[in-house]
Amino acid sequence: MGDKSSVFDMIGPIMIGPSSSHTAGVVKIGRAAVGLLGSIPIKAEITFYNSFARTYEGHGSDRAIIAGLLNLKTDDEHIKTSFDAAKEKGLTYSFRSVGNASTFHPNTVSVKIWSKERQCTLVGESKGGGVINIAEVDEFKAGFSTSLVTLIIKAHDIKGSISFISNVISQDGGNIATMSVSRKGKNDLACQVFEMDSALKTTTIDYINSLDWVIETIYLPVID
Amino acid sequence: MAYLFETFKGWNAYCTKKNCSLAESVIEYEVSQKGSLETDIYQGIAKAYGVMKEAVETGFTQDMTSNSGMISNGAKKVYHYDKPVLSKEFQNLIARALSAKEVNSCMGRVVAAPTAGASGILPGVLYTLQELHKLTDKEVYDGMLVAAGIALIIAHTSSLAGAVGGCQAETGSAAAMAAGAIVYCLGGDNNQVFNAVGITIQCMLGLVCDPVAGLVEIPCVVRNASAAAIANSSAQIALAGLDAVIPADECVEAMAEVAESMETRYKETALGGLAATKTGKRISKRVLIQDIDILPDQD
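The model shown is predicted, which means the values in this text are computed figures rather than measured ones.

Trainee: Please explain the layout of surface pockets as it appears in this structure.
Mentor: Gaps between atoms show up when a probe of the same size as a water molecule is rolled over them. Its boundaries defined by the atoms lining it, the largest pocket holds a volume of some 1,400 Å³. Lining the largest pocket are 50 residues, and of these A:Ser5, A:Ser6, A:Phe8, A:Asp9 and A:Lys28 sit closest to its centre. For the lining of the largest pocket, the elements supplying multiple residues, two or more each, are α1 (7-10) of chain A together with α2 (22-34), α3 (38-61) and α7 (137-157) of chain B. Ranked by residues supplied to the lining of the largest pocket, first place goes to α3(B) with 6 residues. Within the lining of the largest pocket, the residues separate by chemical class into 20 nonpolar, 18 polar and 12 charged. By volume, the second largest pocket amounts to about 550 Å³. Along its surface, the second largest pocket is lined by 29 residues, and A:Lys80, B:Ser105, B:Cys106, B:Met107 and B:Gly108 are the ones closest to its centre. With 3 residues, the top contributor of residues to the lining of the second largest pocket is α3(B).

Structure (structure tokens):
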């Protein structure tokens, strides 16, 4: 997992209760999902796992994930009434509970969301104190915290792609804090996730996106 | 290279070597890790303290009734009750910790410190400490920075989440942060600060997270009050120079070890402890999700 925690992960976030694991962290996971999709979704299927499964309603995690999917911040007083806002904005949603996903972190939520153009999935872990880890993106292993800028590249699994991309990032002055790579199989689709200390230029992202073997790049700013 | 907050021993050694205060080393860490400016850090801390004090006031002035009805304006009653058990200050401490935590239970705005489940402890302790000892805001902010450093170390070695470590990880960590902050603000040296941390963890060790119906209400609200009291008792003990005997680092390791062996039902799942009592179950039935899928074994 990612980077060192901030002082403001320990004293903070300033948030709407009741639980930092169950509300603030969940709002952030929802916001990360919006970043991946590129817009506020029109439809969402949400599954709460393990510790979350039984208690999500009591803790307001259901209202929190919907608030996040509407891109509300963790200290927004409208989290309490996010279901009403979803209705206004045309977001339909459903919730499901799974009690025993033993390979998942105790506080895990998975999100499948649709916009008019595309669909994406994400598995997020709420680690306490509002700190999150995005464990999976579109069924690829990921592992980033959203406390740094994140670049996700889906590409064909070709030789030298990792060193090529990291070289491009360094040419733009980007310092890579963490990276993870996973693939569906040899010569199949691969996913590279980079966490960086500073933002990348749009031209750099466009360049990476223009490469033949790159299928898609997603750039996530820091989520607060 | 700034200090990375992995052990108390290391933190102390770093500050001694660099001849800097605990608070200064936390600032240094944040500057180097996050690229922040010192002024922004103090501004962020000031904002957090402002929200903490606001939460205390909100709990005393607005209606604090939770959806479940289990929380119903308790802090106000404690605050205005005419017979202090020990002193008016002690009564205020308890009432303020309750107050900020009730705001959290009722979906109001708080500072997670370190978590929302423990969001009443630092407000209750710091508000009362500042009032009693006429501390400047800057002194309180430095105390909060030290508290953050303490939490960083606990998070590194153990956990701050009830779902991972039980209540000891949440209210226990908050109490340890508060105790350290008190000793620091009252002029204790590094060892006294860390002794306060160790003693507090010794007092909070093993506490399970067993919220009735999974709501952050019972026993969370009253535990914020007791944790605030324990933070003060530990600070009193450590400030007088008593040794924790088991060093703070080992106390945190013990917390991690206890967390590891703690059964899932005591980790915020609302399946054990108070949540599993007759009354707890009756309340659960009313508010908990009953429709849960259980997957077939994965291996």
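Trainee: Please explain the pattern of salt bridges as it appears in this structure.
Mentor: Should their charged atoms come close, side chains of opposite charge can pair. Residues and elements named next belong to chain B. Per the counting criterion, the structure on display carries 13 salt bridges over all chains. For Arg 96, the salt bridge is made with Glu 131, and the minimal N-O distance between the two is 3.1 Å. Of this pair, Arg 96 sits in helix α5 (residues 88-105) while Glu 131 sits in helix α6 (residues 121-133), and the two are 35 residues apart along the sequence. Given the relative accessible area of 2%, Arg 96 is considered buried. Here Glu 263 and Arg 265 are joined by a salt bridge, their closest N and O atoms 2.8 Å apart. When its relative accessible area of 43% is taken as the criterion, Glu 263 is described as partly exposed.

Trainee: Looking at this structure, I do not really get helix α12 (residues 248-261) of chain B. What am I missing?
Mentor: Given 3.6 residues per helical turn, the α-helix brings residues three or four places apart onto the same face. The end-to-end C-alpha distance of α12(B) is 20 Å, a good match for the 20 Å that 14 residues give at a rise of 1.5 Å each. Packing partners of the buried residues in α12(B) comprise α1 (8-18), α7, α8 (162-165), α9 (167-185) and α10 (190-204) of chain B.

Trainee: Got a minute to help me understand a nonpolar patch on the surface in this structure?
Mentor: Side chains of A:Ile162, A:Met179 and A:Val181 sit close together on the surface and give an oily, nonpolar patch of about 230 Å² of accessible area. When you line up the elements, A:Val181 lands in strand β9 (residues 176-183).

Trainee: How should I be thinking about the domain arrangement of chain A in this particular structure?
Mentor: When the parts of a complex come together, some accessible area is lost, and that lost area is often taken as the interface size. All names here are of chain A. Under the domain assignment, chain A is made up of domain 1 (7-138) and domain 2 (149-220). Using C-alpha coordinates to define each centre, domain 1 is positioned 26 Å away from domain 2. Counting from both sides, the interface comprises 6 residues of domain 1 and, opposite them, 6 residues of domain 2. Both faces considered, domain 1 and domain 2 share a buried interface measuring about 490 Å² in area, 61% of it formed by carbon and sulfur atoms. Interface area lost by domain 1 to domain 2 is led by Leu 36, Val 137 and Asp 138, which between them contribute 63%. The tally of links from domain 1 across to domain 2 stands at 2 salt bridges. A salt bridge links Glu 216 to Arg 118; its shortest N-O distance comes to 2.7 Å. Our enumeration of links across domain 1 and domain 2 arrives at 2 residue pairs in polar contact (both at pLDDT 80 or more). Tallying contributions element by element places helix α2 (residues 20-37) first for the side of domain 1 that touches domain 2, with 3 residues.

Trainee: I'm lost on empty space enclosed by the protein in this one. Help?
Mentor: Enumeration according to the criterion identifies 1 cavity of 30 Å³ or more in this entry. The space that makes up the largest cavity amounts to roughly 180 Å³. Lining the largest cavity we find 19 residues, and of these B:Gly117, B:Glu170, B:Cys209, B:Val216 and B:Cys220 sit closest to its centre. Mapped by element, the contributors of at least two residues to the lining of the largest cavity are α2 of chain A together with α9 and α11 (220-239) of chain B. Looking at the lining of the largest cavity element by element, the count peaks at 3 residues for α9(B). Taken together, the residues of the lining of the largest cavity break down into 7 nonpolar, 8 polar and 4 charged.

Trainee: Quick question: what am I supposed to make of the interface of chain A and chain B here?
Mentor: Taken together, the contacts link 48 residues of chain A with 60 residues of chain B. The largest per-residue losses of area from chain A upon contact with chain B belong to A:Met10, A:Ile11 and A:Arg54, which jointly make up 19% of the total buried on that side. Across the contact surface, chain A and chain B share 3 salt bridges. Linking A:Lys4 and B:Glu6 is a salt bridge whose minimum nitrogen-to-oxygen distance equals 3.6 Å. Here chain A is connected to chain B by 15 residue pairs in polar contact (both at pLDDT 80 or more). Put simply, the parts of the chain that give the side of chain A that touches chain B at least two residues each are α1, β1 (14-16), α2, α3 (51-55) and β3 (92-98) of chain A. Here the residues of the side of chain A that touches chain B sort into 15 nonpolar, 22 polar and 11 charged. In the sheet, β1(A) pairs with strand β1 (residues 109-111) of chain B via 3 bridges, with the strands oriented antiparallel. Along β1(B), the bridge assignment pairs A:Met15 with B:Val110.

Trainee: Mind showing me how you'd approach the sheet that holds strand β11 (residues 214-220) of chain A here?
Mentor: Sheet strands pair by backbone hydrogen bonding; their relative direction is either parallel or antiparallel. All names here are of chain A. Across the sheet, which stays open at both edges, the 4 strands sit in the order β9-β10-β8-β11 with antiparallel pairing between neighbours. Both edges of this open sheet fall to β9 and β11, since each of them pairs with a single strand only. On average, each strand axis in the sheet is inclined to that of its neighbour by 10 degrees, with strand direction left out of account. Inspection of the sheet shows strand β8 (residues 149-156) paired to β11 by 6 bridges, in the antiparallel sense. The partner of Ile 152 across the bridge, within β11, is Ile 218. Lying over the sheet, helix α6 (residues 161-171) contacts β8, β9 and β10 (189-196), oriented at roughly 30 degrees with respect to β10. Sitting on the sheet, helix α7 (residues 202-210) is in contact with β8 and β11, with an inclination near 155 degrees to β11.

Cut-offs used in this document
Residues numbered from 1 in each chain as written. Chains lettered and ligands numbered in written order. Predicted model: local features only at pLDDT ≥ 70, side-chain atom pairs only at ≥ 80, totals over all residues. Heavy atoms only, no water. 1 Å grid on protein atoms, 1.4 Å probe; cavity = no way out; pocket = protein on both sides within 12 Å on 5 of 7 lines; lining within 4 Å. Points joined across faces, edges and corners; volume = space filled by probe spheres on them. Helix = DSSP H or I, 4+ residues; strand = E, 2+ residues; numbered from the N terminus. Nonpolar A, V, L, I, M, F, W, Y, C, P; charged D, E, K, R; others polar. Salt bridge = Lys/Arg side-chain N within 4 Å of Asp/Glu carboxyl O. Buried < 20%, exposed > 50% of the residue type's maximum accessible area, 1.4 Å probe, protein only. Expected span 1.5 Å × (residues − 1). Contact = heavy atoms within 4.5 Å. Patch = residues over 30% accessible without salt bridge, like charges linked within 9 Å, V, L, I, M, F, W, Y side chains within 5 Å. Areas by Shrake-Rupley, 256 points an atom, 1.4 Å probe, with all protein chains shown as cover. Domains from an automatic or database assignment. Buried area = accessible area lost by both parts, 1.4 Å probe. Polar contact = N/O pair within 3.5 Å; in protein donor to acceptor, adjacent residues only side chain to side chain. Pairing = 2+ DSSP bridges. Axes fitted to C-alpha atoms, helices over the stretch in contact; angles between N-to-C directions.

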